[in-house]
Structures are given as structure tokens and as C-alpha cells.
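Residue-level structure breakdown
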Amino acid sequence: MKVLMDAGPWLPVPPRGYGGLENVVATLTGELRARGHTVVLASVGDSELPADGRVSAFPTGQFAQLAGPYPQVVGIAHAHEQAVLRAVEEHAEAGVPFDVVHTHVEVVGPAILGAMRRAGPPVLATLHWDLGRNSAFYSAFDGHGRVFFVGVSEIQLAAAPDRLRRQVLGSVPLSVPVPQEQPLPVSARSHFVLLLARICELKGTDTALRACRDARLPLVLAGPVAGMPDAAALADARADPRHPVHTHPDLPWFTEHVEPLLDGTHARWIGTVAGPEKARLVREARAVLFPIRWEEPGGTAVCEALAAGTPVVAMARGCLPSLVDDGRTGFLADDEAGFTAALGRLAEIDPTACAAEARRRFAPAVMAERYEELYAEVLRRTDRLTPAERPAPPRARDAAVR
């Protein structure tokens, strides 16, 4: 099968630090190619992921531009999708059309690709966001039997408008590479706990800081602030009065609620991490924390932590209860007091149990197999296969998040 994998214009694939969506695309693309599929990647020019072709409208990621005013940002995703359209048309004209376009670009991807109607290939759009963010679009969009959607969790899809729900084929839990080495035992781990996420109110960074202070556990914050990858970049942006960081809502919140609690020893912000450094931090941490204040739809970093055998401590919101086995692979809390108490129970969790569960549920092959079924279902529904070639519909048991 020939797939155009549309990762969007925001970050390279794989990302060099923060980037849950781009990590998912990198994992899925590699696994699909290993299974014999042709995958052309639509991303930014400095993406380093091996692929069977590349499409880009920008030489580098445009993530920092998201801090700018709407009139300066709105055209970025549209410019990227114009490059995707050109690729679709050029491959069709060359007689080697795409079987499926798999877009991860919320709203703009399905809207522009859907406008091709029958002239374009079938489209599968993965929903990575909270669906309440663009309810007006999803309540009105009609893919005309050619654009279909898939969620990343059942809790995410529970909030889908009726029109969108009729175009959803199911959900596929996120996947991450599973380390080959055995997880470190508790006795060999460092004393610190890790928050691996964007530093912002929705991620509950301040809750983690207070809980770790009360539990007397060192906390390492690894993630961007207002689109800035580290303290040096943030300082430079703050020094420039014209920089779009000054309009980013995360900056004043960080300044008031997080920065005063950082002491460089017991509470440190190290910026975004990637590659071996990220793997080392996750592997050595006593736990990875998710004190979220929103209905998290996916949770890539949760899967990364468990794959490394690292327990998760999280608020019981969004998809987290479907990813964390409370008392076995981590702890779920209802409030800050419960979150703090869970930090005192980390020795109860067996790292090997975390890694085994991640391998069973979140391995790349699990996600790729499910997407293969969905691609075939999209082709069946759009009559791109003959009746003899049409596979059975995807198994119902796989449509639900375990």
C-alpha cells in the first residue's frame, strides 16, 4: 500500500524533544515501511526520518510561530496542505497515486483534502486533540464518504459531535518504541521524578512542584515553555519586545506559578530533551508525573514511561485511567492530596510489570497492524477494492481501548 503520511508543519519528524504527534508519526511510519508499505512523509524540510519520499512547505518547524497572533499563524497549516495537495496531484499524474492519505493535521488537513471530493484519494485523519477545541468544525464537516476519522482513545471519541461520530472508524491507542534492555530495578534508579510535558497550566506543572516539595522528592521538568525549548531560548525571546512569545498565554502563567518554585536543585527546568538524554531520564526516574487539568485524549509520554519500566503517577482524567493500571503500573489520583500521597508509594510498583504491559499494548506492531486494518476499511468503503479483494471489517474487539 502507498500512504502519504501528513505530519504537519510544526515540528520535524522525529522531533528533537517535545512533540507527541511527531513521535507517533515517526513510530508508525517506520513500522509500516518495515511491513512492506510505501510511505511518503509530509513534514518540514529538516525531518530526518527515513521515508520513501518527502513533501514540505517549510525548511524547519513552525512550532514557535504558534505563539503569534492568529492572523500570523492561520496560513501556516494551509500553506503546508497546499504542498500536500500538489504531491497528491503529481503522483496521480505520474500514474503512481496514493492509496490513502493519512493526515495528522487537525481541521485543516481533512478540510482541504476533503475539498478534492472524488478527485482525490481516500483520507484517514487521526484526531489527536480534545474535540471540544474545534466543535464547530466537527459538527459541520462532511467527508462525503471519502474522509474518515480515527481517535486515539475511546474517552476522546465520547465527546465527538454526532456528525463526526458517523465518520469515525474507531480508535487506535498511541504507540512508542519499546526499549530492548530490561528496565532498571528500583534500587538502581535515581531519586528524582520527571515531568515530561509542555510546561503549562493544563499539564498541572504547579501541582507537580508542590506535591514533590511536600513529598521531598527532587523534580525535573523537561519540556518547552511558550514554544521555547530551553531557558536560554526563553531569555532571548523575552529580551526581544517583538518576539511572539510575549503574546503566548503560557508565559505569564509560567512566570507567576512555576518560575518562583524553581531552585535549580530540588526543582529544575532543563528544557526539552530528546534521543539518548530523554531515554536516560525516563529510564532512571523513579516515576513520570502527569498531574493534568484537562481531558487528555492520547498520552504518548505515558506510553514512553511505561515502556521504560517507569511508573506513572497521574490525575484520573481523560485517557489516563485507560493507560495506567492503578496500583500495578502506577497510581491515579483525584486531587493534589492524593497525588502527593501516591509519590510515597512508588516502591510498590514493579518496573518489569510496567514494561511488560507496555510491550503488550503499546508496541509499534500493535498500532501498525490496527492502522493496516483501517486503511483496508477505508479502501473498502470508497470502493477502491474489488469485492474479492475487500477484507472483513476491522475487528470490533480492537476498536476499544483496552
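Keep in mind it's a predicted model, so treat the numbers as computed, not measured.

All right, on to the domain arrangement of the chain then. Annotation of the chain at the domain level lists domain 1 (2-173 + 364-384) and domain 2 (186-358). The C-alpha centroid of domain 2 is placed 28 Å from the C-alpha centroid of domain 1. If you look at the interface, domain 1 gives 19 residues, while domain 2 gives 21 residues. A combined buried area of about 1400 Å² lies between domain 1 and domain 2, and 68% of that area is made up of carbon and sulfur atoms. At the surface where domain 1 touches domain 2, the tally comes to 1 residue pair in polar contact (both at pLDDT 80 or more). Looking at the side of domain 1 that touches domain 2, the elements that each hand over two or more residues are α1 (20-34) and α5 (154-157). With 3 residues, the single largest contributor to the side of domain 1 that touches domain 2 is α1.

This next bit is on the packing of α1 against helix α15 (residues 364-381). Remark: α1 packs on α15, axes separated minimally by 9 Å, with the N-to-C direction vectors making an angle of 75°. Viewed along their axes, α1 and α15 adopt a mutual orientation that is roughly perpendicular. Touching Val24, Thr27, Leu28, Glu31 and Leu32 of α1 are Pro364, Ala365, Met367, Ala368, Tyr371, Glu372 and Tyr375, all from α15.

So, on to the pairing of strand β2 (residues 38-42). Within β2, 4 of the 5 residues are buried, which leaves it mostly tucked inside the rest of the structure. Both strand β1 (residues 2-6) and β2 contribute to a ladder of 5 bridges, which runs parallel. Paired with lysine 2 across the strands is threonine 38, a residue of β2. As paired elements, β2 and strand β3 (residues 54-55) share 2 bridges and run parallel to each other. Counterpart to leucine 41 in the pairing with β3 is arginine 54.

With that out of the way, let us pick up the pattern of salt bridges. Using the criterion set out here, one finds 24 salt bridges in the structure. The residue glutamate 296 makes a salt bridge to lysine 203 at a minimum N-O spacing of 3.1 Å. Here the residue glutamate 296 occupies a position in the loop between β11 (288-290) and α11 (300-307), and lysine 203 occupies one in the loop between β8 (193-196) and α7 (205-215), the gap between them amounting to 93 residues. Each member of the pair, glutamate 296 together with lysine 203, is buried. Taken together, the shared-partner salt bridges connect Asp206, Arg210, Arg293 and Glu336 into one network.

For arginine 370, the position within the fold is in helix α15. Taking the relative accessible area as the measure of exposure, arginine 370 reaches 5% and is therefore buried. Along the chain, arginine 370 and proline 173 lie 197 residues apart, while their C-alpha atoms are 9.4 Å from each other.

Turning our eyes to something else, we now look at the sheet that holds strand β6 (residues 147-151). Whether parallel or antiparallel, the strands of a sheet pair through hydrogen bonds between backbone atoms. Spatially, β3-β2-β1-β4-β5-β6-β7 is the arrangement adopted by the 7 strands of the open sheet, whose pairing is parallel. Only two strands of the sheet have a single neighbouring strand rather than two, namely β3 and β7 (168-171). Bridge count for strand β4 (residues 100-103) against strand β5 (residues 123-126) is 3 bridges, and the pairing is parallel. From the neighbouring strand, valine 101 faces β5, where its bridge partner is valine 123. Each of β1, β2, β3 and β4 is contacted by helix α2 (residues 70-93), which is oriented at about 170° to β1, the strand it contacts most. Sitting on the sheet, α15 touches β1, β4, β5, β6 and β7, and the angle it makes with β7 is about 170°.

Summarising the element assignment, proline 321 is placed in helix α12 (residues 320-323). The sequence separation of proline 321 and valine 152 amounts to 169 residues, and the corresponding C-alpha distance is 14 Å.

Quick look at α7 now. Residues of α7 that are buried: Thr205, Asp206, Thr207, Ala208, Leu209, Ala211 and Cys212. Arginine 216 occupies a position one or two residues after α7 and carries a positive phi of about 55°.

Let us now look at helix α14 (residues 351-362). Spanning 12 residues, α14 covers 16 Å between terminal C-alpha atoms, matching the ideal 16 Å at 1.5 Å per step. Buried within α14 we find Pro351, Ala353, Cys354, Ala355, Glu357, Ala358, Arg361 and Phe362. Packing partners of the buried residues in α14 comprise α11, α12 and α15.

What follows concerns unusual backbone geometry. Cis geometry is found at the peptide bond from valine 13 to proline 14, where omega equals -5°. By secondary structure assignment, the location of proline 14 is in the loop between β1 and α1. Even without being a glycine, valine 107 presents a positive backbone phi close to 65°. Within the element layout of this structure, valine 107 appears in the loop between β4 and α3 (108-114). Classification of valine 107 by relative accessible area gives buried; the value is 18%.

Conventions we followed
Residues numbered from 1 in each chain as written. Predicted model: local features only at pLDDT ≥ 70, side-chain atom pairs only at ≥ 80, totals over all residues. Heavy atoms only, no water. Domains from an automatic or database assignment. Contact = heavy atoms within 4.5 Å. Buried area = accessible area lost by both parts, 1.4 Å probe. Polar contact = N/O pair within 3.5 Å; in protein donor to acceptor, adjacent residues only side chain to side chain. Helix = DSSP H or I, 4+ residues; strand = E, 2+ residues; numbered from the N terminus. Axes fitted to C-alpha atoms, helices over the stretch in contact; angles between N-to-C directions. Parallel < 35°, antiparallel > 145°, perpendicular 65-115°, else oblique. Buried < 20%, exposed > 50% of the residue type's maximum accessible area, 1.4 Å probe, protein only. Pairing = 2+ DSSP bridges. Salt bridge = Lys/Arg side-chain N within 4 Å of Asp/Glu carboxyl O. Expected span 1.5 Å × (residues − 1).

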